[in-house]
Every structure is written in C-alpha cells, then in structure tokens.
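# Geometric and topological summary
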Amino acid sequence: MITGKQRSYLRKLGQELDPVVFIGKNDVTETVIKELDKNLTAHELVKVKIQEGSILDAKPVANELAEMLDAEFVQAIGRKFVLYRQAPEKEDRKIVLPR
C-alpha cells in the first residue's frame, strides 16, 4: 500500500508518460493483461488508455486490473489511468518512492 505522498509523487511522474497499453473495443482481454504485466515488470509505472470504441470507465477497470496484477492504482483522468507495481528485486527498481 502506498501513502498519499507517494501517490502524489507517482502522479507527477505519470503526467510525463505516454500510454503504452491500449484497451480497445474488445475490452480487457488476456493480451491486454499480459502486455500490462510485462510493462509493469519493465517500467514499474504504466499509463493505459481506453480507446473510443470501448464503453469501459477508467477508474473501475484500473482498480480491477490493479488487483489482478498486484499493482497500485495511481490515478484516472478521462479515458487514461496510471498503475504502479514496485519491482521485486531491489536492483531492478527504477523509481524510488519518498517516505
């Protein structure tokens, strides 16, 4: 569980990110979940965009995916949301969270 201060820090980092995972008209598929898992492992912080063809709402989908992938929901704005998952190995961590 991350603190409010840490969430704020991650929001700031997330503003500069471009979406790397896209959810289309087929909604959340196994491919989307695998791609998101791969990106969280590689980058720790990932921005996701829900395409116009989908009827999903960002916040509920983000919370569901965060729970499935053992990640943290950072924020949702419009059709985009940001998830964070700390790398398990200390030497692989790219983001140092404030205390």
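Before any of the text, the structure's been laid out above.
These notes cover the structure that comes with them. (Residues numbered from 1 in each chain as written. Predicted model: local features only at pLDDT ≥ 70, side-chain atom pairs only at ≥ 80, totals over all residues. Heavy atoms only, no water.)

## As for unusual backbone geometry
Unlike most non-glycine residues, E44 shows phi in positive territory, near 75°. With respect to the helices and strands, the residue E44 is situated in the loop between α2 (30-43) and β2 (45-50). Taking relative accessible area as the criterion, E44 reaches 0% and is therefore assigned buried. The phi angle at D70 is positive, at roughly 55°, despite the residue not being glycine. Looking at the element boundaries, D70 is found in the loop between α3 (58-68) and β3 (72-77). (Helix = DSSP H or I, 4+ residues; strand = E, 2+ residues; numbered from the N terminus. Buried < 20%, exposed > 50% of the residue type's maximum accessible area, 1.4 Å probe, protein only.)

## A look at the pairing of β2
Most of β2 sits out of view: five of its six residues are buried. Between strand β1 (residues 21-23) and its parallel partner β2, the chain crosses via α2, and the hand of that crossover is right-handed. Pairing analysis gives five bridges linking β2 to strand β4 (residues 80-84), with the strands arranged antiparallel. If you follow K49 over to β4, its bridge partner there is K80. (Right-handed = clockwise from strand over helix to strand, strands pointing away. Pairing = 2+ DSSP bridges.)

## Side note on α3
All buried positions along α3 are accounted for by A58, V61, A62, L65 and A66. All buried residues of α3 project into a common sector of 135° when viewed along the axis, lining one side. For α3, the exposed residues set more than 90 degrees away from the buried face come down to P60 and E67. On its buried face, α3 sits against β1, α2, β2, β3 and β4. Directly after α3, the chain includes D70, whose backbone phi takes a positive value near 55°. (Arc of directions from axis to C-beta. Contact = heavy atoms within 4.5 Å.)

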